[in-house]
Amino acid sequence: MIIPAELHHLEEIVTIENSAFNKPWTRNQIKNDIQSDMDSENWVYLMDELVVGYLFGWIVLDEFHLNNIAVHPGYLRRSIGKKLIQHIIS
């Protein structure tokens, strides 16, 4: 299930971010993006109520700018990233 990212997802997002990237976003960067009043679109993919993937981006004019996407290492090869991208496209 794909739902908007909220602050209560922050710890799970940070855990995935740190495992997915050599130079991860900081907790504050992620928190600020979730709380942003800009035209940000931030989504999480839930499986059994756990965040297993996320996608962060901005709406600029009529375009979506992808800022960050990652999937928990234990849930790779399940098309979660693909489903997140398809969600934005639709």
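Residues numbered from 1 in each chain as written. Predicted model: local features only at pLDDT ≥ 70, side-chain atom pairs only at ≥ 80, totals over all residues. Heavy atoms only, no water.

**Notes on the overall build of the chain**
Here is step 1: Of the regular secondary structure elements, the chain holds three helices and four strands.
Here is step 2: Counting helices and strands in the order they occur from the N terminus, the chain gives β-α-α-β-β-β-α.
Here is step 3: Computed over C-alpha atoms, the radius of gyration of the chain comes to 12 Å, within 12% of the 12 Å expected from 2.2 N^0.38 for 90 residues, which places it in the range of a compact globule.
Here is step 4: Principal-axis analysis of the C-alpha atoms places the extent of the chain at approximately 35 × 30 × 25 Å.
Here is step 5: Across the 90 residues that make up the chain, the buried fraction comes to 32%.
Here is step 6: As displayed, the chain has an accessible area near 5,900 Å², and 51% of this comes from carbon and sulfur atoms.
Here is step 7: Computed over 7 positive and 12 negative side-chain charges, the inter-centroid distance for the chain is 12 Å. (Helix = DSSP H or I, 4+ residues; strand = E, 2+ residues; numbered from the N terminus. Rg over C-alpha atoms; globule rule 2.2 N^0.38 Å. Buried < 20%, exposed > 50% of the residue type's maximum accessible area, 1.4 Å probe, protein only. Areas by Shrake-Rupley, 256 points an atom, 1.4 Å probe, with all protein chains shown as cover. Lys, Arg positive; Asp, Glu negative; His and termini not counted. Charge placed at Lys NZ, Arg CZ, Asp CG, Glu CD.)

**Points about the sheet that holds strand β4 (residues 63-71)**
Here is step 1: Spatially, four strands are ordered β1-β2-β3-β4 in an open sheet, and the strand pairing comes out antiparallel. Whereas interior strands pair on both sides, the edge strands pair on one side only; in this sheet they are β1 (2-4) and β4. On average, each strand axis in the sheet is inclined to that of its neighbour by 25 degrees, with strand direction left out of account.
Here is step 2: Of the pairings in the sheet, the one linking strand β2 (residues 40-47) to strand β3 (residues 50-60) comprises eight bridges and is antiparallel in character. Opposite L46, over in β3, you have V51 as the bridge partner.
Here is step 3: Lying over the sheet, helix α1 (residues 10-20) contacts β2, β3 and β4, oriented at roughly 85 degrees with respect to β3.
Here is step 4: Taken strand by strand, helix α3 (residues 80-89) contacts β1, β2, β3 and β4, and its axis lies near 140 degrees from that of β2. (Pairing = 2+ DSSP bridges. Axes fitted to C-alpha atoms, helices over the stretch in contact; angles between N-to-C directions. Contact = heavy atoms within 4.5 Å.)

**Thoughts on the pairing of β4**
The side chains of a regular strand alternate between the sheet's two faces.
Here is step 1: The sheet contact formed by β3 and β4 spans eight bridges and is antiparallel. Along β4, the bridge assignment pairs V60 with E63.
Here is step 2: The hairpin turn running from β3 into β4, its antiparallel successor, is two residues long, and L61 in that turn takes a positive phi close to 55 degrees.

No statement about biological role is implied by the geometric values presented.
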